[in-house]
Amino acid sequence: MQRLYYALCPWQLDNESKKMRGKAVSGKAIFVLCLASFLAGSLFTSRTWTAYTSHDKYHPTPPIQKHASNKLGEVARDFDRKRKLAEGKAEDIMGEVSKTHKAIQSLDKTISNLEMELAVARMSKTSAGGISLESKSNQTLQKAFVVIGINTAFSSRKRRDSVRETWMPRGEKLKKLEREKGIVIRFVIGHSATPGGVLDKALDREEAEHKDFLRLKHVEGYHQLSTKTRLYFSTAVAIWDAQFYVKVDDDVHLNLGMLASTLAQYRSKPRVYIGCMKSGPVLSRKGVKYHEPEYWKFGEDGNKYFRHATGQLYGISKDLAAYISINSPILHRYANEDVSLGSWLIGLEVEHVDDRSMCCGTPPDCEWKAQAGNICVASFDWSCSGVCNSVERMKYVHSSCGEGDGALWKVDL
């Protein structure tokens, strides 16, 4: 206890030594003095710590803490920069993927076109389906967007006139349509069983007047429609280098502007077959309309045909028309020409496009759709396989469901 006492109050030793020189100080007073010194020291230390803490609020952090804070900020900024960079790269990658996809599509079409042109060149010195390609081999084909062949017959003069008076341009307008839009329109017909006869001479006079025929080396006949279709594509490919080839019947109402706009959507596709796709029954009983003599090839009674475009209107892209031209001698012909065309394409890598605007009904069906802003590509009556009484009703259908005279010229091709 005494040692502790002297440790806390070292000056006591001096006091002890001075007892003999001054007045003695009591132990109680010394104890009180030491206790007061201890409390004063504690109070000073506490104020100093508090002052330091208060001072820290208004001054920079100690160097170590400041360094750690700076490092954390750098890491956060670096992470944010890398995140933005990654997001930018992701957008760039998606853009590059889209460009690459378009380039592949374009390359695929180019390769396909070159393959078909090479095949046509190899066949140029041969005769395909009665069409001599040798005479065309040294000529430059006429460029076109679409060739529209209107299937007609010798007995259909009035039908042709009803078409000329409604949706088909005539004379100079027909030539202008070819020059400015690349849309070629021709009535497609062969010759009679007696070449040079009355029927052929009458057609010669009509052709001299209107200059809107494509004549085939083909004998006309209802049961020869599959052959006629095959020859139409082969002949058209030998004359026009078009992106699309269309066949339409002469009793169907057509909106040319809507047809061109529809086809333009598929320009990047190399092999397209477009129309109103159907799968009708195979009729095995003799004597009925559309009887199929080769019904047994399609399975048991009651079976249906494979999907194919209805015969009133359909279109195919350039490659498919060239394919038909090249392989014309070995393409099988069924009783129905639309079935025949479908069979030629069913085994190929072809995109079948089912477009219901290509088979609208006559008024009020197409009229209601036109009022709603959905103008039809084509209109006809299913019960007649065309516009019923088309000679009398074509003008009525045109006035009710036509796209307007200026619509065709506004189409951007």
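- As annotated in an unreviewed UniProt entry, the protein chain is Hexosyltransferase from Theobroma cacao.
- The Sequence similarities (unreviewed entry) comment attached to the protein chain in UniProt states, word for word, "Belongs to the glycosyltransferase 31 family."
- In UniProt, the protein chain has this text filed under Subcellular location (unreviewed entry): "Golgi apparatus membrane".

**Quick notes on the nonpolar core**
Phase 1 of the analysis: Judged by nonpolar contacts, the single largest core of 41 residues is most densely connected at Ile148, Trp167, Ile185 and Leu254.
Phase 2 of the analysis: Elements supplying a minimum of two residues to this core: β3 (142-151), α6 (172-181), β4 (183-191), β6 (240-249), α9 (256-264), β8 (272-278) and α13 (390-401).
Phase 3 of the analysis: Core analysis: the next-biggest nonpolar cluster, separate from the first, contains 28 residues, Tyr232, Ala309, Ile316 and Val350 among them.

**What about empty space enclosed by the protein?**
Phase 1 of the analysis: With the rule as written, the count across this model stands at two cavities of 30 Å³ or more.
Phase 2 of the analysis: Estimates place the volume of the largest cavity at around 60 Å³.
Phase 3 of the analysis: Gly149, Asn151, Val188, Leu225, Lys228, Thr229, Tyr232, Lys247 and Glu337 are the residues that line the largest cavity.
Phase 4 of the analysis: At the level of secondary structure, the elements contributing two or more residues to the lining of the largest cavity comprise β3 and α8 (225-239).
Phase 5 of the analysis: The leading source of residues in the lining of the largest cavity is α8, at four residues.
Phase 6 of the analysis: When the residues that make up the lining of the largest cavity are grouped by side-chain class, the tally is three nonpolar, three polar and three charged.

**Observations concerning the layout of surface pockets**
Empty pockets left among the atoms are what a rolling probe the size of a water molecule brings to light.
Phase 1 of the analysis: Counted as a void, the largest pocket has a volume near 950 Å³.
Phase 2 of the analysis: Along its surface, the largest pocket is lined by 34 residues, and Tyr222, Leu225, Asp249, Tyr290 and Ser385 are the ones closest to its centre.
Phase 3 of the analysis: Elements with a contribution of two residues or more to the lining of the largest pocket: α8, β6, β9 (308-317) and α11 (337-345).
Phase 4 of the analysis: Here the lining of the largest pocket takes four residues from β9, the largest share from any one element.
Phase 5 of the analysis: Here the residues of the lining of the largest pocket are counted per class, giving twelve nonpolar, eleven polar and eleven charged.

**Details of the state of the cysteines**
Phase 1 of the analysis: Summed over the entire model, instances satisfying the criterion amount to four disulfides.
Phase 2 of the analysis: With a sulfur-sulfur separation of 2.1 Å, Cys360 is cross-linked through a disulfide to Cys376. Between Cys360 and Cys376 the sulfur-sulfur dihedral comes to about -90 degrees; the bridge is accordingly left-handed. With Cys360 in the loop between β10 (351-354) and α12 (365-371) and Cys376 in the loop between α12 and β11 (378-379), the pair connects residues that are 16 residues apart, well separated along the chain.
Phase 3 of the analysis: The class of Cys360 is buried, set by a relative accessible area of 2%.
Phase 4 of the analysis: When its relative accessible area of 3% is taken as the criterion, Cys376 is described as buried.
Phase 5 of the analysis: The disulfide that involves Cys384 links it to Cys388, with 1.8 Å between the sulfurs. Disulfide Cys384-Cys388: the torsion about the S-S bond is 100 degrees, which places it as right-handed.
Phase 6 of the analysis: When its relative accessible area of 37% is taken as the criterion, Cys384 is described as partly exposed.
Phase 7 of the analysis: On the basis of relative accessible area, Cys388 is assigned to the buried category, the value being 15%.

**Regarding the sheet that holds β4**
Phase 1 of the analysis: Strand order in this open sheet of seven strands is β5-β4-β3-β6-β9-β8-β10, and the pairing throughout is mixed. One side of each edge strand has no neighbouring strand; the edge strands of this open sheet are β5 (213-219) and β10. Averaged over neighbouring strand pairs, the angle between their axes works out to 25 degrees when direction is ignored.
Phase 2 of the analysis: Relative to β5, β4 runs parallel, the two sharing four bridges. Bridge pairing links Ile189 to Arg215 in β5.
Phase 3 of the analysis: Along the sheet, helix α5 (residues 157-164) contacts β3, β4 and β5; its crossing angle with β4, the most-contacted strand, is approximately 175 degrees.

**Here we look at the pattern of salt bridges**
Phase 1 of the analysis: In this structure the tally under the stated criterion is 26 salt bridges.
Phase 2 of the analysis: Through salt bridges that share partners, Arg157, Arg160, Asp161, Arg164, Glu206, Glu209 and Asp212 make up one connected network.

**Some details on the packing of α5 against helix α7 (residues 198-210)**
Phase 1 of the analysis: At their nearest, the axes of α5 and α7 sit 13 Å apart, and the two run at 10 degrees to each other. Taken as axis vectors, α5 and α7 run roughly parallel relative to one another. For the pair α5 and α7, contact is made by Arg157, Arg160, Asp161 and Arg164 and by Leu203, Glu206, Glu209 and His210, respectively.

**Examining the confidence of the model for the protein chain**
Phase 1 of the analysis: For the protein chain, the mean per-residue pLDDT works out to 81, and 71% of the residues sit at or above 70.
Phase 2 of the analysis: Note that pLDDT drops below 50 for residues 48-59; the model gives that stretch one contact with residues more than four away or on any other chain.
Phase 3 of the analysis: Here residues 123-138 is modelled with pLDDT under 50, and outside its nearest four sequence neighbours on either side it reaches 16 contacts, counting other chains as well.

Cut-offs applied
Residues numbered from 1 in each chain as written. Predicted model: local features only at pLDDT ≥ 70, side-chain atom pairs only at ≥ 80, totals over all residues. Heavy atoms only, no water. UniProt positions renumbered as here; feature names shortened; annotations may be inferred. Core = buried A, V, L, I, M, F, W, Y, C linked by side-chain atoms within 4.5 Å. Buried < 20%, exposed > 50% of the residue type's maximum accessible area, 1.4 Å probe, protein only. Helix = DSSP H or I, 4+ residues; strand = E, 2+ residues; numbered from the N terminus. 1 Å grid on protein atoms, 1.4 Å probe; cavity = no way out; pocket = protein on both sides within 12 Å on 5 of 7 lines; lining within 4 Å. Points joined across faces, edges and corners; volume = space filled by probe spheres on them. Nonpolar A, V, L, I, M, F, W, Y, C, P; charged D, E, K, R; others polar. Disulfide = S-S within 2.5 Å. Pairing = 2+ DSSP bridges. Axes fitted to C-alpha atoms, helices over the stretch in contact; angles between N-to-C directions. Contact = heavy atoms within 4.5 Å. Salt bridge = Lys/Arg side-chain N within 4 Å of Asp/Glu carboxyl O. Parallel < 35°, antiparallel > 145°, perpendicular 65-115°, else oblique. pLDDT = per-residue confidence, 0-100.

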